[in-house]
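Here are the chains, one letter per residue:
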Amino acid sequence: MAEKNDFFQSQTVLDFNKSLEPFHLGPLWHAIPELMHKQPTPQAVPYLWKWETLYAKLMEAKDIFTPERGGERRAIYLQNPGLTGRQPWGWASTTQTLYAAVQLILPGETAPSHRHTQSALRFIMKGEGAYSIVQGERIFMEEGDFLTTPKGLWHGHGHPGDKPMIWMDCLDIPTIYAIGGTFFEHYPETIEQPQAPDNYSSHRYAGGMVRPISDRRPQAAPLGSYKWAQTLAALDGLSQYEPDPYDGYAVEYINPSNGRTASPNIASWMQKLPQGFHSKAHRHTHSVIYQVFKGCGYSIIDGVRFDWSEGDFLVIPNWALHEHVALADSYLFSASDLPIMEKFEVDREEGYEGQQAVTGVFEPLLP
Ligand code: GTQ
């Protein structure tokens, strides 16, 4: 091995490597150990954003930025501190593949319609009374609801209600950016006007239980909203039985038209961890963004303890060893890039014997 290193460091090889640069060429022998490492070594790091910080910044943004003034949404994204590059890697990346943000809309505001090649999903954290209008269908939002906005469809938001609303956005922005697939268009007018009855798709699909026979061809994300009451009922049913050792009681939101993930590139789950639950540890190639909808507890990620409570966001990068502990009955929403890993056939998972030793405690930044 020493001999090999000496060879790579020899003046002849170093000079030759350098001689390639002006021709926009590169030596594989120099690159291969980092380009093709033995296992994933993501640049994204485990991280936690406290609700107090997110809320404080949204409240500051409330007065500084309005959708009317800026022609855009009042959304603040979660920048993974390990992903520092601007383009193509790292900008607005919560994990290497996914973008997550918190969005605030106030009564009376409208966020203009647009469409793009990225798919979006929303998880409703606080408030009620606002709607997303997706391809002419107004979808009213309540706490705990999960909404999909598939790629290519016009969408905007409006708020005829009387309480501020905050939700989580998650989009495949970094992935679509990296593969060169970004298209974006503003709607010709500010916000699209209704073309269909309100909450039409939820009614037609009975919230996801059935597929209307008139929709003969399976489509990507035909159901706009998955209501909290139904998700909760599913978890209540499941939690009469044995929990999954890694994820407690977890359900995945499914597209009722084709049986796949609710959004084509992003998997989304709601999971209940009962008080006292301590999961087994494992790791997998997909990365996960958690939103703590209710409850409190902690996760141990690569030996570091991350304490979480209601409203916090937590990132588990690819291949990071992790386990969860619930200190109260907890409901966690999560979005992951598992469908992307599956499409590239690099989805892998590995269990870990026993539980991790805690070697550090994460200190979150507070406002
Ligand atoms: O609300 O449509 O956070 O298009 C990023 C892109 C939100 C949205 C985001 C978007 C939206």
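As the structure is a computational prediction, the values presented were derived from the model and not from experiment.

S.K.: Can you walk me through the side chain of Arg 74 in this structure?
M.R.: Residue position: Arg 74 is located in the loop between helix 5 (67-70) and strand 2 (75-77). A relative accessible area of 2% places Arg 74 in the buried class. At a separation of 3.0 Å, a polar atom in the side chain of Arg 74 contacts the main-chain carbonyl oxygen of Leu 104. Filtering out sequence-adjacent residues up to four positions away, Arg 74 remains in contact with Leu 58, Ala 61, Lys 62, Phe 65, Thr 66, Pro 67, Val 102, Gln 103, Leu 104, Ile 105, Leu 106 and Glu 109.

S.K.: Got a minute to help me understand unusual backbone geometry in this structure?
M.R.: Across the chain, the bulk of peptide bonds are trans and the bulk of non-glycine residues have phi less than zero. Backbone geometry at Asp 302 places phi at a positive 45°, although glycine is not the residue there. Here Asp 302 lies in the loop between strand 17 (296-301) and strand 18 (304-309). The partly exposed category is assigned to Asp 302, whose relative accessible area is 46%. Here the phi dihedral of Glu 345 falls at roughly 60°; this positive angle occurs in a residue that is not glycine. Looking at the secondary structure, you find Glu 345 in the loop between helix 9 (338-343) and strand 22 (349-351). Classification of Glu 345 by relative accessible area gives exposed; the value is 70%.

S.K.: How should the pairing of strand 10 (residues 165-171) be read in this particular structure?
M.R.: Counted residue by residue, strand 10 has seven buried out of seven residues, so it is predominantly covered. Taking every second residue as pointing to the same face, both faces of strand 10 are buried, with Met 165, Trp 167, Asp 169 and Leu 171 on one and Ile 166, Met 168 and Cys 170 on the other. When strand 3 (residues 99-105) meets strand 10, the two strands line up antiparallel, connected through seven bridges. By the bridge assignment, Ile 105 is partnered in strand 10 with Met 165. Of the pairings in the sheet, the one linking strand 5 (residues 120-126) to strand 10 comprises six bridges and is antiparallel in character. From the neighbouring strand, Leu 121 faces strand 10, where its bridge partner is Cys 170.

S.K.: What is the right way to look at the site of the ligand in this model?
M.R.: All residues adjacent to the ligand are Arg 73, Ala 75, Tyr 99, Ala 101, Gln 103, His 114, His 116, Arg 122, His 155, His 157, Asp 169 and Leu 171. The contact in question runs from an oxygen atom of the ligand to an N or O atom on the side chain of Gln 103, over 3.1 Å. Measuring from an oxygen atom of the ligand, one finds a side-chain N or O atom of Asp 169 at 2.7 Å. The fraction of the free accessible surface of the ligand (290 Å²) that becomes covered by protein chains is 91%. Within the residue set of the shell around the ligand, elements represented by two or more residues are strand 3, strand 4 (110-116), strand 9 (155-158) and strand 10. For the shell around the ligand, the element with the highest residue contribution is strand 3, accounting for three residues. The residue inventory of the shell around the ligand, partitioned by class, reads four nonpolar, five polar and three charged.

S.K.: Looking at this structure, how should I read the pattern of salt bridges?
M.R.: Once their charged atoms are close, side chains differing in charge can pair, the charge on each being opposite to the other. This model, assessed by the stated rule, comprises 15 salt bridges. In this structure, Glu 350 and Arg 283 form a salt bridge, with 2.8 Å as the shortest nitrogen-oxygen distance. One end of the pair, Glu 350, is in strand 22; the other, Arg 283, is in strand 15 (residues 282-284), and 67 residues separate them in sequence. With a relative accessible area of 35%, Glu 350 lands in the partly exposed category. Of the charged contacts, one joins Arg 305 and Asp 307 as a salt bridge, the two residues approaching to 2.8 Å between their closest N and O atoms. Classification of Arg 305 as partly exposed rests on a relative accessible area of 25%. Within the structure, one salt-bridge network assembled from shared partners comprises Glu 142, Asp 145 and Lys 227.

Reading guide: rules and limits
- Residues numbered from 1 in each chain as written.
- Predicted model: local features only at pLDDT ≥ 70, side-chain atom pairs only at ≥ 80, totals over all residues.
- Heavy atoms only, no water.
- Helix = DSSP H or I, 4+ residues; strand = E, 2+ residues; numbered from the N terminus.
- Buried < 20%, exposed > 50% of the residue type's maximum accessible area, 1.4 Å probe, protein only.
- Polar contact = N/O pair within 3.5 Å; in protein donor to acceptor, adjacent residues only side chain to side chain.
- Contact = heavy atoms within 4.5 Å.
- Pairing = 2+ DSSP bridges.
- Near = heavy atom within 4 Å.
- Areas by Shrake-Rupley, 256 points an atom, 1.4 Å probe, with all protein chains shown as cover.
- Nonpolar A, V, L, I, M, F, W, Y, C, P; charged D, E, K, R; others polar.
- Salt bridge = Lys/Arg side-chain N within 4 Å of Asp/Glu carboxyl O.

By themselves, these figures tell us nothing about what the structure is for.
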